[in-house]
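Survey of secondary and tertiary structure
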Amino acid sequence: MEKAIIVKDITKKYKLYSSNKERILDLILPKSYGEDFYALAGVSFEGERGDSIGFVGMNGSGKSTLANIVAGIVPETSGSVEINGQASLIAVAAGLNGDLSGRDNIELKLLMLGFSRQEIKELEPDIIEFSEIGKFIDQPVKSYSSGMRSRLGFSISVNIDPDILIIDEALSVGDKAFAEKSLEKMNEFKRAGKTMIFVSHSLGQMKRFCDKILWLEYGTVRDFGTVDEILPRYEEFLNQYRKMSAKEREEYKEQRTSASHSPAIVK
Ligand SMILES: Nc1ncnc2c1ncn2[C@@H]1O[C@H](COP(=O)(O)OP(=O)(O)OP(=O)(O)O)[C@@H](O)[C@H]1O
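Residues numbered from 1 in each chain as written. Predicted model: local features only at pLDDT ≥ 70, side-chain atom pairs only at ≥ 80, totals over all residues.

Broken down by element type, the protein carries 10 helices and nine strands. For a compact globule of 267 residues, the expected C-alpha radius of gyration is about 18 Å, and the protein comes in at 20 Å, within 12% of that figure. Dimensions of the protein, computed from the C-alpha atoms along their principal axes, are close to 55 × 50 × 35 Å. Every one of the 267 residues in the protein was classed for burial, and the buried ones make up 36%. Excluding contacts between residues fewer than 6 apart, the proportion of contacts in the protein whose partners are at least 24 apart in sequence is 71%. (Helix = DSSP H or I, 4+ residues; strand = E, 2+ residues; numbered from the N terminus. Rg over C-alpha atoms; globule rule 2.2 N^0.38 Å. Buried ≥ 20, exposed ≤ 12 C-beta atoms within 10 Å, placed from the backbone. Contact = placed C-beta atoms within 7 Å.)

This is how it looks when you write it as structure tokens:
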């Protein structure tokens, strides 16, 4: 099978500051202030053409960071991402300019992706119709609700028919009717043999839609495999985790992160 996505040993380091003063001092005297925090610490996986890969994991495990790195929106600190084909990201409101109208955002995004004026003219009505934004399409995006922003982002990305579609929680923001319509659109992509990455906390949607699951935990890969293999393990883990006391959760985290998050592993 042809590889669509090859992710090798990705790390993402952020600096955490205890105050704004520290943040500013770090700009003047880099490396002297702030604490290193690894949102991702050595993540590798491969997706074949036609795979629908779900990213699961607890809050803060690194799902969105990884999706944004694969989409080329956020730079990695080390490691590499190889993509065959054009990638399009749907992160809630990502890539939308709040001061521009919905229509101008569509045009801008398509121009940035290399579409011609003629192609944009042809695609625009479909994008507007699918988004159900109605007359608000000519209002500035900052006046939209978060659901409207996410519908517009989703509509742009699916209607440009990308080779790789990355969907980050967009379906949990829209209403049920829109979510159904979007899932149907995603199934069309799947039937067309396209590659997808889907970030969600809805295990129901994962089961319905994904073939493979990447389970992230504290910025590392806990497990990667087929939906049938990984989701039952993840659900079992969530049940156990729910029963843990705050102290047990801290101990668990300490045990899981002590080796993998050592700065020594970061080149
Ligand atoms: N710009 C940033 N600066 C500092 N830390 C960040 C930044 N962006 C993300 N992080 C941290 O990186 C970690 C991973 O965040 P990410 O949003 O990727 O997690 P997630 O798995 O998508 O979480 P959720 O399920 O809550 O959406 C979190 O601890 C988050 O606080």
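Ranked by size, the top nonpolar core spans 40 residues in total, and within it Phe55, Leu66, Ala67, Val70, Ile166, Ile197 and Ile213 carry the most contacts. In terms of residues, this core owes the most to one element, strand E2 (residues 35–48), which gives five residues. If you look at the next biggest cluster of nonpolar residues, it comprises 13 residues, including Ile128, Ile133, Ile137 and Tyr144. (Core = buried A, V, L, I, M, F, W, Y, C linked by C-beta atoms within 7 Å.)

Of all the five residues making up strand E6 (residues 164–168), five are buried; the element is thus mostly covered by neighbouring parts of the structure. Of the two faces of E6, both are covered, the one formed by Ile164, Ile166 and Asp168 as well as the one formed by Leu165 and Ile167. Pairing geometry for E6 and strand E7 (residues 195–199), over five bridges, is parallel. Residue aspartate 168 lies in a different strand from E7, and its bridge partner there is valine 199. (Pairing = 2+ DSSP bridges.)

Moving on, we get to the confidence of the model for the protein. Across the protein, the average pLDDT comes to 86, with 90% of residues at 70 or higher. Looking across the protein, the model is least confident in strand E5 (residues 87–91), with a mean pLDDT of 46, and most confident in strand E8 (residues 212–217), with 97. Taken together, the stretch residues 88–93 has pLDDT below 50 and engages in 32 contacts with residues farther than four places along the chain or on a different chain. Taken together, the chains of this predicted complex give a pTM of 0.86 and an interface ipTM of 0.97. (pLDDT = per-residue confidence, 0-100.)

One non-glycine residue, aspartate 9, adopts positive backbone phi at about 50°. Residue placement: aspartate 9 occurs in strand E1 (residues 3–16). We note that tyrosine 218 has phi near 45°; this positive angle belongs to a residue other than glycine. By the element assignment, tyrosine 218 lies in the loop between E8 and strand E9 (220–226).

Let us look at the site of the ligand. Around the ligand lies a shell formed by Tyr14, Phe37, Ala39, Gly57, Asn59, Gly60, Ser61, Gly62, Lys63, Ser64 and Thr65. Take the shell around the ligand: its biggest share by element is three residues, from helix H2 (residues 63–70). In the shell around the ligand, the residues fall into three nonpolar, seven polar and one charged. (Near = placed C-beta within 6 Å. Nonpolar A, V, L, I, M, F, W, Y, C, P; charged D, E, K, R; others polar.)

The topology assignment puts glutamate 2 in the segment before E1. In this structure glutamate 2 comes out as exposed when scored by C-beta crowding, with 9 C-beta atoms within 10 Å. Linking glutamate 2 and aspartate 126, residues 124 residues apart in sequence, is a C-alpha distance of 31 Å. Dropping the residues within four chain positions of it, glutamate 2 is found in contact with Glu48 and Arg49.

Strand order in the open sheet formed by three strands is E2-E1-E4, with antiparallel pairing between adjacent strands. Two strands in the sheet have a free side with no partner beyond their single neighbour: E2 and strand E4 (78–83). Averaged over all pairs of adjacent strands, the angle between strand axes in this sheet comes to 20°, irrespective of strand direction. Sheet topology note: the E1/E4 ladder contains five bridges and is antiparallel. The partner of isoleucine 5 across the bridge, within E4, is isoleucine 83. In this fold H2 packs onto E1, E2 and E4, with an angle of close to 125° to the strand it touches most, E1. (Axes fitted to C-alpha atoms, helices over the stretch in contact; angles between N-to-C directions.)

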